[in-house]
Amino acid sequence: MSFRAEHVARRLALLAAAAAGAFAIVYILFLATTTDEFGQGNWRATNFGSAVHNPQAFFEVLLDALTFAGLLFIVASGFSLIFGLMRVVNMAHGAFYLLGGYIAYEVQQRMTGSGFALQSTDVSTLDWVVPWLVAMACIGLFGLAVQQLLLRWNQGQDLRQALITIAVSVIVADQVIAHFPRTVPAGTQQFGGNAVSLTWPGWTNQFVDLHVAGVSYSLARLTMLALGVGVGIALWLWLQRTKTGMVIRAGVDDRQMTSALGINIQVTFAIAFLVGSALAAFGAVVGGSQSSIAQGQDGQWLLFSLVVVIIGGMGSLAGAAVGSIMYGLVFSFAVAYLPTTGDNCCTQYSVVLTFVLMALVLAFRPQGLFGKAA
Amino acid sequence: MRLGSSKQIAERAIGAGALVVAALAPFLFSDFFVNSILTQALILGIGAASLIFLSAYGGMISLAQAGLMGIAGYALANMVTQRVPGGETKGLLLGWDPTVALIAAILLTTAIGLVFGAVASRSYGIYFLMLTLTYTVIAFLFVGSVTLIGGFSPVAGVDEYTPGFIGDIVNDRQRLYFISLIAAVLVYVLVRYLVRTPFGISFQGVRDEPVRMASLGYNIALHRTLAFGIGAFIAALGGVLYAWWFGQLSPTIMGLDATIQLLVIAVIGGLRRIEGAWLGAVAFLLINNEVTNRIPASGLPVIGGTFNTVIGFIFLAIVIVSPDGLMGLWDRLWELAGRNRPPRGTADAQPATEASG
C-alpha cells in the first residue's frame, strides 16, 4: 500500500519535473517578452524577451551560465575530491575560499603597487599567476595542516569531522575579517572584510566576436570557462592515468582493501586534502578577478559547493561537472529571465529555483545524479 | 514500583531546582540578566531543542532549524504588522489579527518543514546535514533577496502587535520572560511525551535499525518527514518568540552565523539529551556576555578577531574532548562514580548509532 503510494508519488514528481523543465525551455525560447510589449507587471515581462525575439541576449546568458559553471566546477571539484576519498565534508571550504582570495589580493597589490583601483592594463600575466600560485600553496598547506591536526585521528566519525570543520570555518572566517584586507587605498580607513577585487591580466580585457548572433563576449569570462575545463581535464588525467590517481580511486571504492594491499593511504589522504583545499583558493582567485572577494562569501561558496555536489553526487568528478553546469544554467537563466518588474524591481526569486532543482534531483536520486548508493 | 536510579533522582532534583530558580528569576536577578541572558536562552533553547529532538531520537542532525525559526519570524512579521500612516514600511504589512497571524505563521512554518523533511527524508548522516544546511542558506537568501517580504534591511514593529493573551511585551519584558518559560516547559513536556508514544518509539526504531523497521512494514521516509515537521513546529514556536524578543527581523537571525550559533548551543549542551538545549543556551550566552565585555574594540589580544573566534575554539574543544557536550560529561561522571554500583536504570535516549555514510 505505502509502497504503491510512494511509487505514484515518485511518478508524479517525475512528471512535475519534466513539465517544469519543458515549461522553462518554452518560456525562455518563445513566451518571454519585454516590458515594452506588455508593460510593467506582466508575468511574461523580462529584460530581453524570448530567445527567438532576442537571440543575442539568449546566447550571452548561455555563455554567462557556462562560464559561471566553470568557476563553480573549480571550487566544487575540490570539495567533492575531499569527500569522495575521505568522506569528510569540509565545511570550511567556503572559509578557505575567502582566505585564499584575500591572500591573492594582497600578493597582487604588493607586486603591482598600484593601489586600490588597479587597471587591468597594469597587470601582466605574471602579476596574476604569482598571486594565484601563492594563494593555492598557502591554502593547500593550511588545509593539509587542518587535516593532519584535526581530522586524521578521528577517521570514520564523519559527523564529528563535519562539526570540527564547522569550528574551523567559524575561526577562519572571523580571523579573515579581523586581518584582511591589509592593503587599502591611501587615506581610507581599514575596514575588516571589505570587498576587494583581484584584477585579470591585461590581455583578457577585451571582447571576442564569436560570429554567433552578433555576440561579442568577454575574454576574461571565457578564460574562466577554459580554466574550469582545464581543471577538469587535469583532474581526470591525474585520477585516471597516474599511480596516485589509481590509488585514490581504489581508496574511494574500498579504503580498507587498499591499505591492506600495502599502500600508505594516509599519504594519499594528505595529497587529496592538499589538492582539494588548493582548488578552493584557485576558485577564489578566478572568482575574485571576475567580481570581488568580500565578507559573507564563505557562506555563499559553501552553499554553491554543497548544491553542486548534492545535485551531481558526492565524490564524482563527472557529477561535479554536470552539477556545475545544471546549477550554472538555472542560476544565470533565472536571474535573466524571471520577471523582476513592478514595485519590486530588485526582487530575485532565483534562489527558490536552487531549492527546486535540488529537490527534484533528490526526489529521484537521493545520492545525486552520479553518486553511488551509500 | 521502581524508584529509578540515584542518577535519575539526582536529575529530577536538579531539574526541579532549576525550574524553581527559573520561576523566581525576575525577583533574583537584574532586569538586564533576565531579559538579555535568560529570556534569550529560553528562546534559543527551544530552537536548540528542535535540533536535539531530531538528533537524539532520529539520528538526524538538522542545520535547518535556524532557518525555520527565521521563516516563522518573518511569516509573523509580514502577517501582523499594519499599514498605518507614519508606521512601518517594510514587509507585506498584511495587518491580520495577531492571534490568527500567530497560528498561521506556525502552521506555515510546519508545512514548509514537512516539505523540507520530505525532500530530505531519504538522506542520512552527513548528506542530511549538508542538505538541511542548504535549506537555511536558501531561506536566508530568499528573505534577503525578495524585497517584498523583507530584504536585507530589518522588518520592524513585530512586537507591537501581539495577541491579547500575550499582552504588552514591549514595556513589560518580564511578561515575555514568563511566556518564554512556559513555552520552553511545554516544548520539553511535548518532546518527552512524544518519544513515549507509538510514533516516538517507532521513530527511534527508524534511527537504530532503518532496514529492519522497513522490513517490518514501517514507512521510514514518512516517519522521518513527520518528525522533521514536528521539529519545524518546535522551531516555529522558538521563531515567533525570537521575533518578539528582537522586535525586528533581519536576515542575519537565520544566516549561517545563526545556524552555527544554534548548533554550538546544541553541541555544548549535548546532542543526545533534550535537557542539553537549555543548558547549552545558558552556557553559550553567559560565555558570550563575559567574553564580549572583555574584548577590546580593537579585537582579541594577539590574534585579533571577535567573539566568533573564541566560540569557534570552544566549539572545537568540545567536539574534540566531549562530543556529547555537557550532558555527555554529566553522564560520564555518573558512570565513573557508579563503577562499583549496580547498573543504572534505562535512559530513554539510547546512544545514536554512527551515521551510515
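Residues numbered from 1 in each chain as written. Chains lettered and ligands numbered in written order. Predicted model: local features only at pLDDT ≥ 70, side-chain atom pairs only at ≥ 80, totals over all residues.

Trainee: For this particular structure, what's the right way to read the overall build of chain B?
Mentor: A tally of regular secondary structure across chain B gives 13 helices and two strands. The C-alpha atoms of chain B give a radius of gyration of 21 Å, which matches the 21 Å a tight globule of 357 residues would have. Taken along the three principal axes of its C-alpha coordinates, chain B extends 70 × 50 × 50 Å. Relative to its full complement of 357 residues, chain B shows a buried share of 49%. Residue pairs at least 24 apart in sequence account for 78% of intrachain contacts in chain B once pairs closer than 6 positions are excluded. (Helix = DSSP H or I, 4+ residues; strand = E, 2+ residues; numbered from the N terminus. Rg over C-alpha atoms; globule rule 2.2 N^0.38 Å. Buried ≥ 20, exposed ≤ 12 C-beta atoms within 10 Å, placed from the backbone. Contact = placed C-beta atoms within 7 Å.)

Trainee: Just checking my understanding: could you explain the overall build of chain A for this structure?
Mentor: What chain A contains, in helices and strands, is 13 helices and four strands. The 374 residues of chain A split such that 49% are buried. The contacts of chain A with a sequence gap of at least 6 include a subset with a gap of at least 24, amounting to 73%.

Trainee: What exactly am I supposed to notice about unusual backbone geometry here?
Mentor: Peptide bonds are trans in most cases, and residues, glycine excluded, mostly fall at negative phi. All names here are of chain A. Of note, the amide linkage connecting Phe 180 to Pro 181 takes the cis form, showing an omega dihedral of -10°. By secondary structure assignment, the location of Pro 181 is in the loop between helix 6 (158–179) and strand 3 (207–209). Even without being a glycine, Arg 87 presents a positive backbone phi close to 55°. Along the polypeptide, Arg 87 turns up in the loop between helix 3 (55–86) and helix 4 (93–112). Looking at Arg 87, the number of C-beta atoms within 10 Å reads 21, which means it is buried.

Trainee: Is there a simple way to think about the interface of chain A and chain B in this case?
Mentor: Put simply, an interface is often sized by how much accessible area is lost when its parts join up. Across the boundary between the two partners, chain A contributes 36 residues, which contact 42 residues of chain B. Those elements that provide at least two residues to the side of chain A that touches chain B are helix 6, helix 11 (297–312) and helix 13 (350–364) of chain A. In terms of residue count, the dominant contributor to the side of chain A that touches chain B is helix 6 of chain A (14 residues). When grouped by side-chain class, the residues that make up the side of chain A that touches chain B number 24 nonpolar, eight polar and four charged. (Nonpolar A, V, L, I, M, F, W, Y, C, P; charged D, E, K, R; others polar.)

Trainee: Could you clarify how one ought to interpret the environment of Val 100 of chain B in this entry?
Mentor: All names here are of chain B. Following the sequence through the fold, Val 100 ends up in helix 4 (residues 98–120). Accessibility expressed as a C-beta count within 10 Å gives 12 for Val 100, which makes it exposed. Taking the C-alpha atoms as reference points, Val 100 and Pro 163, 63 residues apart in sequence, are found 8.6 Å from one another.

Trainee: What exactly am I supposed to notice about helix 7 (residues 219–241) of chain A here?
Mentor: For an α-helix, the turn length of 3.6 residues means that residues three or four places apart are oriented alike. Residue and element names in this part refer to chain A. When the terminal C-alpha atoms of helix 7 are compared, their 31 Å separation across 23 residues agrees well with the 33 Å that a helix rising 1.5 Å per residue should span. Listed in full, the buried residues belonging to helix 7 are Ala 220, Arg 221, Thr 223, Met 224, Leu 227, Gly 228, Val 231 and Leu 235. In this fold, the buried residues of helix 7 make contact with helix 3, strand 4 (216–218), helix 10 (265–290) and helix 12 (317–337). (Expected span 1.5 Å × (residues − 1).)

Trainee: Hey, could you run me through the packing of helix 11 (residues 276–294) of chain B against helix 12 (residues 307–321) of chain B in this one?
Mentor: For any two helices packed against each other, one specifies the inter-axial angle together with the distance between the axes. All names here are of chain B. Look at helix 11 against helix 12: their axes get within 10 Å of each other, and the N-to-C directions meet at 135°. The orientation of helix 11 relative to helix 12 falls into the category oblique. When the axes of helix 11 and helix 12 are compared, the crossing they make is right-handed. Side by side, helix 11 and helix 12 meet where Ile 287, Asn 288, Val 291 and Thr 292 of the first sit next to Phe 307, Val 310 and Ile 314 of the second. Residues of the contact of helix 11 with helix 12, tallied by class, amount to five nonpolar, two polar and no charged. (Axes fitted to C-alpha atoms, helices over the stretch in contact; angles between N-to-C directions. Parallel < 35°, antiparallel > 145°, perpendicular 65-115°, else oblique. Left-handed = near helix turned anticlockwise from the far one by under 90°.)

Trainee: Is there a simple way to explain the environment of Pro 163 of chain B in this structure?
Mentor: Residue and element names in this part refer to chain B. Looking at the element boundaries, Pro 163 is found in the loop between strand 1 (155–156) and helix 6 (173–194). By the C-beta count within 10 Å, which is 14 here, Pro 163 ends up partly exposed. In this structure, the C-alpha to C-alpha distance between Pro 163 and Ile 230, residues 67 residues apart in sequence, is 23 Å. Not counting residues within four places of it along the chain, the set of residues in contact with Pro 163 comprises Pro 98, Thr 99 and Leu 102.

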